[in-house]
Protein chains: 2
Amino acid sequence: MSAYGCYVKFTTKPGQRDTFVTYLLNAASAMEKVPGCQLYIVNTSPTEPECVWVTEVWNSQEEHDASLTIEGAQETIQLAIPLLAGAPEKIDIQPVGGKGLIQA
Amino acid sequence: MSAYGCYVKFTTKPGQRDTFVTYLLNAASAMEKVPGCQLYIVNTSPTEPECVWVTEVWNSQEEHDASLTIEGAQETIQLAIPLLAGAPEKIDIQPVGGKGLIQA
């Protein structure tokens, strides 16, 4: 089973970034109870005021995909989507090693 | 002091990715002894065979910048640069919170 990661870029409608960040931080706290999730870090951008990046690392892609069905996930997604100016952009990555990666 | 993060994309010359990954994993192990470094994860790409992404999170940008002067860092950089096809691309991010982020 190889680790799965992604960087997801969200662009919100003007003035909606902070509310969107709050929703993602709620999602992140839900991940605390999800063993397959190693990282779910919410970030803003120093150069793009409406941009939010999420850094994710999972023990496997299967566990990432399953997380979209856990309790509360769909509700959070439904709340958050109207705040977006467009579709998220995702960069898929394959974590190999380094500081902070737990070799599952 | 606010956390600092970045995603750095390296593109190697054909056939040099794995050697480059080895150099970055050596750099990552050096970060184990650097308290200000929370994350230094080396990743490959499922879609770009010559691409290497590094996920970094630091307690501050100052500590990130200082890391470029620690023992062995410059030697690793000098070994690695010739393997690159071009300059790295860096996406600066500001970690806000979430699973895996240590609030310094």
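Fair warning: this is a prediction, and the values are worked out from it, not measured in the lab.

Reading the values: rules and limits
- Residues numbered from 1 in each chain as written.
- Chains lettered and ligands numbered in written order.
- Predicted model: local features only at pLDDT ≥ 70, side-chain atom pairs only at ≥ 80, totals over all residues.
- Heavy atoms only, no water.
- Buried < 20%, exposed > 50% of the residue type's maximum accessible area, 1.4 Å probe, protein only.
- Helix = DSSP H or I, 4+ residues; strand = E, 2+ residues; numbered from the N terminus.
- Pairing = 2+ DSSP bridges.
- Salt bridge = Lys/Arg side-chain N within 4 Å of Asp/Glu carboxyl O.

The next subject is the pairing of strand β1 (residues 4-11) of chain A. Residues and elements named next belong to chain A. Counting buried residues along β1, seven of its eight residues qualify, which places the element largely inside the surrounding structure. Judged from the eight bridges that link them, β1 and strand β3 (residues 51-58) form a sheet pairing that is antiparallel. The residue of β3 that forms the bridge with phenylalanine 10 is valine 52. In this sheet, strand β4 (residues 89-99) lies alongside β1 in antiparallel orientation, the contact comprising five bridges. Counted as the bridge partner of lysine 9 is glutamate 89 from β4.

Take the pattern of salt bridges next. One pass over the structure, following the stated rule, counts six salt bridges over all chains. Between aspartate 92 of chain A and lysine 90 of chain A there is a salt bridge whose closest N-O contact spans 3.4 Å.

Attention now goes to the pairing of strand β3 (residues 51-58) of chain B. Residue and element names in this part refer to chain B. Counting buried positions along β3 yields eight of eight residues, so the element is predominantly enclosed. Residues Cys51, Trp53, Thr55 and Val57 point to one face of β3 and Val52, Val54, Glu56 and Trp58 to the other, with burial holding for every one of them. Relative to β3, strand β2 (residues 37-44) runs antiparallel, the two sharing seven bridges. In the strand pairing of β3, cysteine 37 is matched with tryptophan 58.

Geometric descriptors of this kind do not, in isolation, establish any biological role.
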